[in-house]
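The residues making up each chain are set out below.
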Amino acid sequence: MGSSVCEEAPLLNLTPEHEMFRQSVRRFVEREINPYIDKWEADKCYPGRELFPKLGELGALGPSYPEEYGGGGGDYAYNYLMSEELGQAAALGVPMGIMVHTDMATPALAQFGSEELKQKFLVPAIQGKLISAIAVSEPDAGSDVASLTTSAVSDGDHYIINGSKMWITNGTQADFVVTLMRTTPGNSAKGMSLVVVPTDSEGFKVSRSIDKMGNHSSDTAALTYENVRVPKSFCIGEEGRGFQLQMQQFQKERLVGTGLALGGMDRCLSMTAQYCKERKTFGKPIIENQYVHFRLAELRTEVELLRQMAHHCTNQIIAGQDCTRDVSMAKLKAGRLCREVADACIQFHGGMGYAEEYPMARYYRDARLLSIGAGADEIMLTILARMEGYI
Ligand SMILES: Cc1cc2nc3c(=O)[nH]c(=O)nc-3n(C[C@H](O)[C@H](O)[C@H](O)COP(=O)(O)OP(=O)(O)OC[C@H]3O[C@@H](n4cnc5c(N)ncnc54)[C@H](O)[C@@H]3O)c2cc1C
């Protein structure tokens, strides 16, 4: 067995160029990430400053962004394929840090940012010279994005920003943080804007680094903004449209989150099947127990069904269609399925599944995030219940 994204997934219309890109990301994971990942897990941070220029050189930091800004000019299948490949890395923290930069913090900037913003932030982000983060969540506003309180008041042609953000991936090392804030007072989804905040701005502070259950190689920070002065021209798109832009940006975040989960599940299921073929109990390989091979076959089936859904969502994005419903379903299923897969893989490894020397325990911890981050399962269910007309 073993899965090749390309061979097993005819839904995406992949060209030899897509395949070459996929292989180059795979080699990058093997050469530039996996050999160092244990150290980065122990450091509780990956070295973005070293890694991003190499990714930039590979063309992996903006494969579908326009060539005039240094991007690859390809379709969104490149980004999606990258997520599945990065998901096969030996820990999910570094892939998450990379994909926050490529698919969560920069899509709105690339699509709606002014020429000034794109030259100043997008071009160096694609080159890997600048690291980005996306700051939506706050200590008192996570699932309920519309209740956030970080605010900007107008001062001539500048904003003065005050507030705090929580759980920000890449937060300790980002050069700029795309921040969702209120530019018009109120307490609803209206009057918010997405503003690029350079982290060397006076009054911007990383208040603390958050120690987590998993994704150890990815840094996660709490941020404070105290009278941070930023030009109004750093607002992405029209002032007051930030909530809508962020909701749109979330769709890519949820899709690549699903891709990362699929890559991780591919890796864990393959490793577990191999382990069960080699390990013997009661005089025969564990895999020969019908319960074991049935369970693995069942999980593989679910993984492949989910992959088809993720590829369908990728096609929707390529066609310029709204994928909110289908990607919410995919992300919900991905979060739940990777918990099931991780649990089964640990179980079939026995004691070794529980030991840190085998990768299953780390995957179990890392994968748990997906049902919480980028909108918890219950938020996906709320979106779906609304779209289906149940509520
Ligand atoms: C490791 C990590 C990295 C992250 N990276 C980022 C990042 O880079 N940028 C960023 O902006 N945010 C980031 N987040 C934040 C993440 O998006 C939030 O944690 C998530 O949206 C949930 O918000 P919350 O933690 O405030 O939980 P809460 O909103 O307090 O919700 C807690 C739980 O309550 C339940 N719940 C909430 N609302 C409802 C409802 N309406 N119906 C039923 N149940 C409900 C759910 O089970 C939910 O999990 C990250 C989080 C983590 C853990």
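Residue indices follow the written sequence of each chain, beginning from 1 at its first position. Totals for whole chains, interfaces and linings use every residue, but because this is a predicted model, local features are given only for residues with pLDDT of at least 70 and side-chain atom pairs only at 80 or more, for both listing and counting. Working from all heavy atoms in the structure, the side-chain values ignore hydrogens and water.

Asks: How would you summarise the overall build of the chain if you had to cite specific residues and measurements?
Replies: Put simply, DSSP marks the helices as runs of H or I at least four residues long and the strands as runs of E at least two long, and each gets a number from the N terminus on. What the chain contains, in helices and strands, is 14 helices and ten strands. Considering only C-alpha atoms, the chain reaches an extent of 80 × 45 × 40 Å along its principal axes. Burial status across the chain gives 56% buried among its 391 residues. Two residues form a contact once any of their heavy atoms are found within 4.5 Å. Within the chain, contacts between residues separated by at least 24 positions form 75% of all contacts whose residues are at least 6 apart in sequence. Only the protein chains shown count as cover for residues, and the accessible areas themselves come from Shrake-Rupley with a 1.4 Å probe. Summed over its atoms, the accessible surface of the chain is roughly 16700 Å², and 52% of this surface lies on carbon and sulfur atoms. Positive charge is attributed to Lys and Arg, negative charge to Asp and Glu, and no charge count is given to His or to the chain ends. Every charge is mapped onto a representative atom, which is NZ of Lys, CZ of Arg, CG of Asp or CD of Glu. A distance of 3 Å separates the average location of the 39 positive side-chain charges in the chain from that of its 49 negative side-chain charges. Think of it in three bands: with a 1.4 Å probe and only protein chains considered, a residue is buried below 20% of the maximum accessible area for its type, exposed above 50%, and partly exposed in between.

Asks: I'd like a description of empty space enclosed by the protein, backed by residues and values.
Replies: Within this scheme a cavity is a closed region of a 1 Å grid, computed over the protein atoms alone, that accommodates a 1.4 Å probe without allowing it to escape, whereas a pocket is open but has protein on both sides within 12 Å along at least five of seven lines; lining residues each have an atom within 4 Å of a point. Grid points are joined across faces, edges and corners, and a volume is the space filled by probe spheres set on the points. The tally for this structure, following the rule as stated, stands at one cavity of 30 Å³ or more. Roughly 40 Å³ of volume is contained in the largest cavity. What lines the largest cavity is Ala89, Ala90, Ala91, Leu92, Arg267, Pro359, Arg362, Tyr363 and Asp366. In terms of residue count, helix 13 (residues 360-367) provides more of the lining of the largest cavity than any other element does, three residues in total. Grouping the amino acids of the lining of the largest cavity by side-chain chemistry returns six nonpolar, no polar and three charged. Delimitation of the domains relies on an automatic or database domain assignment. Taken domain by domain, the makeup of the lining of the largest cavity includes at least three residues from each of domain 1 (5-131) and domain 3 (243-387). Gly is placed with the polar residues, together with every amino acid not listed as nonpolar (Ala, Val, Leu, Ile, Met, Phe, Trp, Tyr, Cys and Pro) or charged (Asp, Glu, Lys and Arg).

Asks: With reference to specific residues and values, describe the side chain of threonine 220.
Replies: Structurally, the position occupied by threonine 220 is in strand 7 (residues 220-231). Engagement of the side chain of threonine 220 in a polar contact is seen with the side chain of lysine 212, the distance being 3.0 Å. Two N or O atoms form a polar contact when they lie within 3.5 Å of each other; inside protein one atom must be a possible hydrogen donor and the other a possible acceptor, and for residues adjacent in sequence the pair counts only when both atoms belong to side chains.

Asks: Give me the lowdown on the site of the ligand, citing residues and values where you can.
Replies: Throughout, the term near means that a residue has one or more heavy atoms lying within 4 Å of the molecule or strand in question. The ligand sits among 17 residues. The nearest are Val136, Ser137, Ser143, Trp167 and Thr169. Between the ligand and the protein, one listed contact pairs a nitrogen atom with a side-chain N or O atom of serine 137 at 2.7 Å. Within the contact set of the ligand, a nitrogen atom lies 2.7 Å away from a backbone nitrogen or oxygen of tryptophan 167. When contributions to the shell around the ligand are tallied by element, the ones reaching two or more residues are strand 1 (132-135), strand 3 (158-169) and helix 14 (377-387). For the shell around the ligand, the element with the most residues is strand 3, which contributes three residues. Split into classes, the residues belonging to the shell around the ligand amount to ten nonpolar, five polar and two charged. Formed jointly, the shell around the ligand draws a minimum of three residues from each of two domains, domain 2 (133-240) and domain 3 (243-387).

Asks: Explain the packing of aromatic side chains residue by residue, including any values.
Replies: When we look at a pair of aromatic rings, we describe it by the centre distance and by the angle of the planes. Note on aromatic contacts: the rings of Phe and Tyr and the six-membered ring of Trp form a pair at centre separations within 6.5 Å, being stacked when their planes are under 30 degrees apart, edge-to-face when over 60 apart, and tilted otherwise. Applying the stated criterion to the full structure yields eight aromatic pairs. Taken together, a centroid distance of 5.3 Å and an interplanar angle of 85° make the contact between phenylalanine 121 and phenylalanine 234 edge-to-face. Pair noted here: phenylalanine 121 is in helix 8 (residues 115-127) and phenylalanine 234 is in the loop between strand 7 and strand 8 (235-236), with a separation of 113 residues, a long-range link. Placement of a positive charge over a ring is assigned whenever Lys NZ or Arg CZ falls within 6 Å of the ring centre and within 35 degrees of the normal to the ring plane. Geometry around phenylalanine 250 places arginine 254 over its ring, the cationic atom sitting 4.7 Å from the centre.

Asks: Please give an account of the domain arrangement of the chain that cites residues and values.
Replies: Domain annotation of the chain identifies domain 1 (5-131), domain 2 (133-240) and domain 3 (243-387). Each of domain 1 and domain 3 has a C-alpha centre, and the two are 20 Å apart. In this complex, domain 1 contributes 35 residues to the contact, which on the side of domain 3 involves 29 residues. By definition, the buried area sums, over both parts, the 1.4 Å-probe accessible area that each loses when the two are put together. For the pairing of domain 1 and domain 3, the buried interface totals around 2800 Å² over both sides, and the portion due to carbon and sulfur atoms is 63%. On the domain 1 side of the contact with domain 3, Tyr76, Tyr80 and Met104 bury the most area, a combined 24% of that side's loss. Here a salt bridge means any side-chain nitrogen of Lys or Arg lying within 4 Å of a carboxyl oxygen belonging to Asp or Glu. Inspection of the domain 1/domain 3 interface yields three salt bridges. When the shortest N-O distance is used, the salt bridge between aspartate 38 and arginine 362 registers 2.8 Å.

Asks: Which residues make up the packing of helix 2 (residues 16-33) against helix 5 (residues 77-86), and what values do they have?
Replies: Helix 5 packs onto helix 2 with a crossing angle of 35° between their chain directions and a minimal axis gap of 9 Å. Between helix 2 and helix 5 lies a crossing of right-handed hand. Contacts from Glu17, His18, Phe21, Arg22, Val25, Arg26, Val29 and Ile33 in helix 2 reach Ala77, Tyr78, Leu81, Met82, Glu85 and Leu86 in helix 5. Of the residues in the contact of helix 2 with helix 5, the class split is nine nonpolar, one polar and four charged. Fitted lines through C-alpha atoms serve as axes, helices being fitted only where they are in contact, and the angles separating the N-to-C directions of these axes extend from 0 to 180 degrees. Should the near helix be turned anticlockwise from the far one by less than a right angle, the crossing is left-handed, and should it be turned clockwise, the crossing is right-handed.

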